[in-house]
Amino acid sequence: MTGAEESSSGRGSLPVYFDEDANLDLLDDIVSIIGYGNQGRAQALNLRDSGVDVIVGNVRDQYWETAASDGFEVLEIREAVKRARFVMILIPDEVQPEVLEKSVLPVMTRNKILCFASGYNITFGQVTLPDDFDTILVAPRMIGVGVRDAYENDRGFYAFIGVHNNSSGMAMQYAMAISKGIGATKPSGALLEVTFRQEAELDLFNEQCFGPAFGQVLTTAVDVAVEAGYPPEAVLVEIYMSGELAYTMEKIAKMGTLKQLELHSPTSQYGSMSRGIRYANPELREQMQKSLGEIQDGSFAEEFAKEYELDLEILDDMKEMAQDVPIVVLDKEVRKKLRFRSDK
Ligand code: NDP
């Protein structure tokens, strides 16, 4: 089937694309990867393995050396932008405004395509772009090592794609071509067409609502069990340290929330289903809505811009204070006792 498939949820009609919708031949000119970190390295290697002509733009330091030792031609960012038709911005969101202003935008010409992996800066007004070239989004829902690992195992992954400016009339096709080149459309992968705003806000929602709420649930469960007198080592292993939780999350992603229940014993299924409703908490919903409101009205982005100007002072303080949080202290002790090795 060619063309977008509409989602069948009935809630909106999100266009979804697959491998056959994307045309890799559109990447018939140099692709410049700006930044060679988590996403940069993975996407550069994948594009090259897909047969695309890739160069890397970076500051002259260790990442430059890594890219060079991976066999890429590496140039100063400005030169890399000049040389390429497709420019992929894969440096951290918070440094993008300055790098774009100094080294990218002055050399972006009409027929180039600027590709972001996050909608953050455009959505929250940290960057304003001229409309004489295409600006697109290809945002893997996958960490960099996962992007490379999936490619090497001939597996796809989900990516959000979108168009901010369609000066050529081909912007969505370019987004799909890049997605195919990085391997997103291999089996089990799909491209979900969203706006830059939807990508940016959902990403923050996940980071600021689901993530920390989940952390609180985990901490509460550890506290309750330790207070009830169970050995802390056993509690931590039972709740998360065994890695079983990570494995279950993977099964939830692959099989669906209900279907994966079948992997657990009837005791487990009955216990969790019969008790689940107890934890439905209206206050949780309210707090999440509050955080989402701050994301949507831009006040979080404003707050973070100020924090960034202060060299992430508050973040550093919070990290320092977190060292003394009971579960962090306990985690360290238990790991030592159980001779945990991060490399195994
Ligand atoms: P990284 O933190 O891994 O980026 C590191 C790269 O950015 C290095 O090449 C580094 O070079 C360069 N860099 C850092 N600071 C500067 C600077 N001031 N000037 C020029 N280059 C700089 O980034 P990620 O890969 O994590 O993120 C890249 C993009 O991908 C972001 O938009 C992010 O939102 C998005 N994304 C990230 C995901 C992830 O899993 N990490 C998932 C999906 C999207 P050097 O230090 O040598 O200057």
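Cut-off values and rules
Residues numbered from 1 in each chain as written. Predicted model: local features only at pLDDT ≥ 70, side-chain atom pairs only at ≥ 80, totals over all residues. Heavy atoms only, no water. Near = heavy atom within 4 Å. Polar contact = N/O pair within 3.5 Å; in protein donor to acceptor, adjacent residues only side chain to side chain. Areas by Shrake-Rupley, 256 points an atom, 1.4 Å probe, with all protein chains shown as cover. Helix = DSSP H or I, 4+ residues; strand = E, 2+ residues; numbered from the N terminus. Nonpolar A, V, L, I, M, F, W, Y, C, P; charged D, E, K, R; others polar. Buried < 20%, exposed > 50% of the residue type's maximum accessible area, 1.4 Å probe, protein only. Right-handed = clockwise from strand over helix to strand, strands pointing away. Pairing = 2+ DSSP bridges. Contact = heavy atoms within 4.5 Å. Expected span 1.5 Å × (residues − 1). Axes fitted to C-alpha atoms, helices over the stretch in contact; angles between N-to-C directions. Left-handed = near helix turned anticlockwise from the far one by under 90°.

Enquirer: Whenever I open this one, the site of the ligand confuses me. Can you help?
Expert: In the neighbourhood of the ligand, 23 residues make up the surrounding shell, with Tyr36, Asn38, Asn58, Asp61 and Asp93 lying closest. Take Asn38: an N or O atom from its main chain is 2.8 Å from an oxygen atom of the ligand. Within the side chain of Gln96, a nitrogen or oxygen atom sits 3.2 Å from an oxygen atom of the ligand. A total of 890 Å² of accessible area belongs to the ligand in isolation, and the protein chains cover 76% of it. Elements with a minimum of two residues in the shell around the ligand: helix 1 (38-49) and helix 4 (96-104). Here the shell around the ligand is composed, by residue class, of 13 nonpolar, eight polar and two charged.

Enquirer: Mind showing me how you'd approach the pairing of strand 7 (residues 113-116) here?
Expert: Consecutive residues of a regular strand have side chains that alternate between opposite faces of the sheet. Alternating positions in strand 7 separate into two faces, Ile113 and Cys115 on one and Leu114 and Phe116 on the other, with burial throughout. As a crossover connection, the stretch from strand 6 (residues 86-89) through helix 4 into strand 7 is right-handed. Sheet topology note: the strand 7/strand 8 (residues 134-140) ladder contains four bridges and is parallel. Bridging from a neighbouring strand, Cys115 pairs with Ile136 of strand 8.

Enquirer: So what exactly am I meant to see when it comes to unusual backbone geometry here?
Expert: Note on backbone geometry: most residues besides glycine have negative phi, and most peptide bonds are trans. Although it is not a glycine, Ser188 sits at a positive phi angle of roughly 80°. Mapped onto the elements, Ser188 comes out in the loop between helix 7 (171-181) and strand 10 (190-193). Look at Ser188 and you get exposed, because its relative accessible area is 63%.

Enquirer: Can you help me understand the side chain of Lys112 in this one?
Expert: Tracing the backbone through its elements, the reader meets Lys112 in the loop between helix 4 and strand 7. Looking at Lys112, its side chain comes within polar contact range of the main-chain oxygen of Val81, at 3.0 Å. Ignoring sequence-local partners within four residues, the contact set of Lys112 consists of Val81, Lys82, Ala84, Arg85, Val107, Phe133 and Asp134.

Enquirer: Sorry if this is basic, but what is going on with helix 10 (residues 244-255) here?
Expert: The α-helix advances 3.6 residues per turn, and as a result positions three or four apart in sequence lie on the same side. For helix 10, which comprises twelve residues, the first-to-last C-alpha distance of 16 Å matches the rise-based estimate of 16 Å (1.5 Å per residue) to within 8%. Once helix 10 finishes, Gly256 follows within two positions and takes phi at roughly 100°, a positive value.

Enquirer: Explain the environment of Ile295 to me, please; I cannot follow it from the model alone.
Expert: Topologically, Ile295 is positioned in helix 12 (residues 282-296). Taking the C-alpha atoms as reference points, Ile295 and Val138, 157 residues apart in sequence, are found 21 Å from one another.

Enquirer: So what exactly am I meant to see when it comes to the packing of helix 8 (residues 196-227) against helix 9 (residues 232-241) here?
Expert: Each pair of packed helices can be summarised by the angle the axes make with each other and by the distance between the axes. Where helix 8 meets helix 9, the axes come as close as 10 Å, and the angle between the chain directions of the two elements is 145°. At the point where helix 8 passes helix 9, the crossing takes the right-handed sense. Contact with helix 8, carried on its side by Leu218, Ala221, Val222, Ala225 and Val226, involves Pro232, Val235, Leu236, Ile239 and Tyr240 of helix 9 and no other residues of that element. Classifying every residue of the contact of helix 8 with helix 9 by side-chain character gives ten nonpolar, no polar and no charged.

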